[in-house]
Amino acid sequence: MSPRNDRMNPELHIAGRLPELYADVATRVQKVIHTAIGRDGRCSVVLAGGGTPLGLYRLLGAEPYRSTIPWGKVHLFFGDERMVPPQDPDSNYGMVARELLAHLSIPAGNIHRIAGESDPRTAARSYEHDLKVWCGSDSPRFDLVLLGVGEDGHTASLFPGTAVLGESKRLVAEVFEPRSGKWRVSLTLPLLNNAREIWFLVAGIGKADVVRTVLHAGDPDPRIPATCIRPGNGPVSWFLDREAASRLG
Ligand code: 6PG
């Protein structure tokens, strides 16, 4: 068993109810953005898909964050996308556009969406190319990555048993999700784990078991992909509501 170092000792932030969780995370997002802009003149944030972050995006799109965050210097990326057009109700970009982007004054060039309307491989290769150009590097380092976790332990579109979990070179890859029989595009572990900060945002009693499983895992386990999120630059932070944290003991 490898010694647990701080990279594997996650930071836990447990809020009472969901509104408190969103408020805590929004405040911290603002701090990360200001720090990154102070250091680099810009900030890169990878947004999570799914339903949990919706309330956070709504909060960030409203006052005071709408006016106090310098959105002109913030670049928004996506951790994964379902291969559907933006107007499809399943589109992660579509959800972010409705809940956040529609309320912000942010340049269109700051929004880096995955082309869900394309074919998966083309969308993945094109996104990877755009990422490298934007970062000016073959190993982009995001300032902040927001992730959710599914009850099966998936995160982004890294699903248990999928080959993408073994990807060591590509930064963005197409993923066939066996349960739904649908294609997705996801950032891969080498790219995600290169981020400065990675935060899981998890809520609800339905996630209590997987949160316990992931946080108690000793080593990365591809059967539980969220355990493979091990950033090289520091610990993972978990932001949980009381229900999602209820089985941590
Ligand atoms: C997606 C997400 C996915 C999500 C988890 C949790 O596109 O669905 O990237 O990884 O974060 O499935 O989803 P909920 O927040 O809806 O529970």
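Presented here is a report on the structure given in the accompanying data block. Not measured: the values here are computed from a predicted model.

### A closer look at the pattern of salt bridges
It is possible for side chains of opposite charge to pair when their charged atoms get near one another. Within this structure, the stated rule accounts for 15 salt bridges. Across the salt bridge formed by R247 and D209, the nearest N and O atoms sit 2.9 Å from each other. With R247 in the segment after β9 (236-240) and D209 in helix α7 (residues 208-215), this pair connects stretches of sequence that are 38 residues apart.

### What about the sheet that holds strand β2 (residues 43-47)?
Ordered by their spatial adjacency, six strands build an open sheet running β1-β9-β8-β5-β2-β3, and the pairing between neighbours is parallel. Each edge of the open sheet carries a strand with a single partner, namely β1 (11-14) and β3 (74-78). Neighbour to neighbour, the strand axes of the sheet diverge by 20° on average, direction disregarded. By the bridge criterion, four bridges tie β1 to β9 in an arrangement that is parallel. Across the sheet, residue E11 finds its bridge partner in β9, namely S237. Along the sheet, helix α1 (residues 18-40) makes contact with β1, β2, β3, β5 (144-147), β8 (198-202) and β9, crossing β8 at roughly 165°.

### Looking at the site of the ligand
Around the ligand there are 15 residues in total, and T52, R82, H154, A156 and K207 lie nearest to it. H154 places a polar side-chain atom, nitrogen or oxygen, 2.7 Å from an oxygen atom of the ligand. For the ligand, whose accessible area on its own is 420 Å², the fraction buried by protein is 84%. Considered class by class, the residues forming the shell around the ligand number two nonpolar, nine polar and four charged.

### With respect to the sheet that holds strand β7 (residues 182-187)
Pairing is antiparallel across the open sheet formed by three strands, whose spatial order is β4-β7-β6. Looking at which strands have only one partner, the edges of the open sheet turn out to be β4 (80-82) and β6 (172-177). Across the sheet, the axes of successive neighbouring strands diverge by a mean angle of 25°, strand direction being ignored. Relative to β7, β6 is paired through six bridges, and the arrangement is antiparallel.

### So, the environment of S126
Along the chain, S126 turns up in helix α5 (residues 120-135). Owing to a relative accessible area of 36%, S126 belongs among the partly exposed residues under this scheme.

### A few points about α7
Of all the positions in α7, only A208, V210, V211, V214 and L215 are classed as buried. The buried residues of α7 occupy an angular sector of 165° when the element is viewed end-on, so they sit on one face. Buried residues belonging to α7 abut β1, β8 and β9.

### Let's talk about the packing of aromatic side chains
The full count for this structure, using the stated rule, is six aromatic pairs. Measuring from ring centre to ring centre gives 5.9 Å for F78 and Y93, while their planes differ by 65°; the resulting arrangement is edge-to-face. Placement of F78 in strand β3 and of Y93 in helix α4 (residues 92-99) is noted, with a sequence separation of 15 residues between them. Judged by centre distance (4.1 Å) and plane angle (20°), the rings of F200 and W238 are stacked. On the criterion of sequence distance, the pair formed by F200 in strand β8 and W238 in strand β9 is long-range, its members being 38 residues apart. Accessibility classification places F200 together with W238 in one group, the buried group. Every member of this aromatic cluster is reached through a ring pair, and the members are F77, W134 and F142. Over the ring of W134 we find R42, and its NZ or CZ is 3.5 Å from the ring centre. The residue whose ring lies beneath R113 is Y93, and the NZ or CZ to ring-centre distance is 5.5 Å.

What counts and how
- Residues numbered from 1 in each chain as written.
- Predicted model: local features only at pLDDT ≥ 70, side-chain atom pairs only at ≥ 80, totals over all residues.
- Heavy atoms only, no water.
- Salt bridge = Lys/Arg side-chain N within 4 Å of Asp/Glu carboxyl O.
- Helix = DSSP H or I, 4+ residues; strand = E, 2+ residues; numbered from the N terminus.
- Pairing = 2+ DSSP bridges.
- Axes fitted to C-alpha atoms, helices over the stretch in contact; angles between N-to-C directions.
- Contact = heavy atoms within 4.5 Å.
- Near = heavy atom within 4 Å.
- Polar contact = N/O pair within 3.5 Å; in protein donor to acceptor, adjacent residues only side chain to side chain.
- Areas by Shrake-Rupley, 256 points an atom, 1.4 Å probe, with all protein chains shown as cover.
- Nonpolar A, V, L, I, M, F, W, Y, C, P; charged D, E, K, R; others polar.
- Buried < 20%, exposed > 50% of the residue type's maximum accessible area, 1.4 Å probe, protein only.
- Arc of directions from axis to C-beta.
- Phe/Tyr/Trp six-rings, centres within 6.5 Å; stacked < 30°, edge-to-face > 60°.
- Lys NZ or Arg CZ within 6 Å of the ring centre and 35° of its normal.

That's the geometry; what it means functionally is another story.
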